[in-house]
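The primary structure of each chain is shown beneath.
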Amino acid sequence: MGLVFVFLWQLSEHAGPQFAKSMPVPNRETLTPAEHEGAEPRRAAMEAQAKELQGQPGLTEERLLSRTRTALALPSSVRIDVRAASGDHPARIGLREGRACINAKIYPGEASAVAEGHNPDGSCLPRDG
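All values derive from a computational prediction rather than experimental measurement. (Residues numbered from 1 in each chain as written. Predicted model: local features only at pLDDT ≥ 70, side-chain atom pairs only at ≥ 80, totals over all residues. Heavy atoms only, no water.)

*Asks:* What's the story with the pattern of salt bridges in this structure? I'm lost.
*Replies:* By the definition in use, this model includes seven salt bridges. A salt bridge links Glu35 to Arg99; the shortest N-O distance between them is 2.6 Å. One end of the pair, Glu35, is in helix α3 (residues 33–53); the other, Arg99, is in the loop between β2 (91–97) and β3 (100–107), with 64 residues separating them in the sequence. Glu97 is the salt-bridge partner of Arg42, the closest N and O atoms lying 3.2 Å from each other. Placement of Arg42 in helix α3 and of Glu97 in strand β2 is noted, with a sequence separation of 55 residues between them. Classification of Arg42 by relative accessible area gives partly exposed; the value is 23%. It is possible to trace a salt-bridge network through shared partners that takes in Glu40, Arg43, Glu47 and Lys51. (Salt bridge = Lys/Arg side-chain N within 4 Å of Asp/Glu carboxyl O. Helix = DSSP H or I, 4+ residues; strand = E, 2+ residues; numbered from the N terminus. Buried < 20%, exposed > 50% of the residue type's maximum accessible area, 1.4 Å probe, protein only.)

*Asks:* Would you explain the nonpolar core in this entry?
*Replies:* The tendency in soluble globular proteins is for nonpolar side chains to be buried as a group. Membership of the largest hydrophobic core comes to 21 residues, with the highest contact counts inside it found for Met46, Leu64, Ile93 and Ile106. Counting residues per element, the ones that place at least two in this core are α3, β1 (80–83), β2, β3 and β4 (110–117). Apart from residues lying up to four places away in sequence, Ile106 is in contact with Ala50, Leu53, Gln54, Leu59, Leu64, Pro90, Ala91, Ile93 and Ala111. (Core = buried A, V, L, I, M, F, W, Y, C linked by side-chain atoms within 4.5 Å. Contact = heavy atoms within 4.5 Å.)

*Asks:* Hey, could you run me through the side chain of Thr68 in this one?
*Replies:* Within the secondary structure, Thr68 sits in helix α4 (residues 61–71). When its relative accessible area of 0% is taken as the criterion, Thr68 is described as buried. For Thr68, the contacting residues outside a window of four places in its chain are Met46, Gln49, Leu53, Ile80 and Ile93.

*Asks:* Please clarify how the environment of Ile102 should be interpreted in this entry.
*Replies:* For Ile102, the position within the fold is in strand β3. The exposure class assigned to Ile102 is buried, which follows from its relative accessible area of 0%. When sequence neighbours within four positions are dropped, the list of residues in contact with Ile102 reads Ala39, Arg42, Arg43, Met46, Ile93, Gly94, Leu95, Glu97, Val114 and Ala115.

*Asks:* How do you make sense of the state of the cysteines when you look at a structure like this?
*Replies:* Disulfides are covalent bonds that link the sulfur atoms of two cysteine residues. Tallying each qualifying case throughout the model produces one disulfide. A disulfide bridge connects Cys101 with Cys124, and the sulfur atoms are separated by 2.0 Å. Where Cys101 bonds to Cys124 through sulfur, the torsion about that S-S bond is close to -70°, and the disulfide is left-handed. Residue Cys101 is found in strand β3, and its partner Cys124 is found in the segment after β4; the two are separated by 23 residues along the sequence. (Disulfide = S-S within 2.5 Å.)

*Asks:* Whenever I open this one, the sheet that holds β3 confuses me. Can you help?
*Replies:* The strands making up a sheet associate through backbone hydrogen bonding, with each pair oriented either parallel or antiparallel. With antiparallel pairing, the four strands of this open sheet are ordered in space as β1-β2-β3-β4. Across the chains shown, the open sheet's two edge strands, defined by having one partner strand only, are β1 and β4. Across the sheet, the mean angle separating the axes of adjacent strands is 15° when strand polarity is ignored. In this sheet, β4 lies alongside β3 in antiparallel orientation, the contact comprising eight bridges. Of the residues in β4, the one forming a bridge with Cys101 is Glu116. Of the strands in this sheet, β2, β3 and β4 are in contact with α3, which crosses β4 at around 155°. (Pairing = 2+ DSSP bridges. Axes fitted to C-alpha atoms, helices over the stretch in contact; angles between N-to-C directions.)

What follows is the structure, given as structure tokens:
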């Protein structure tokens, strides 16, 4: 296993950024049905917020953060991760709810939210740019 890791590391270091970008992203943690059920109220609220923000111009990270914190009545101690839209990538909002991550994506014509497990590094937002 160690030799395979070294080989893949060398390929990603030396084969150029295109190869490194095509490497698969490690899987998210798996949520139990009870964790999904427990996260559902927050997921529904986040989806409603994402749909309200959909189509609004100038969704900077600061605006996404302040509007989400206000709409969901979240105290400042709750960490909210946001990413403004860029190129083909949607605006993203993510927050931790127990072991679940509530992630919303906002395209000009579409907005949705999902409850899913966190990334292996503990973060919530997808790594799509």
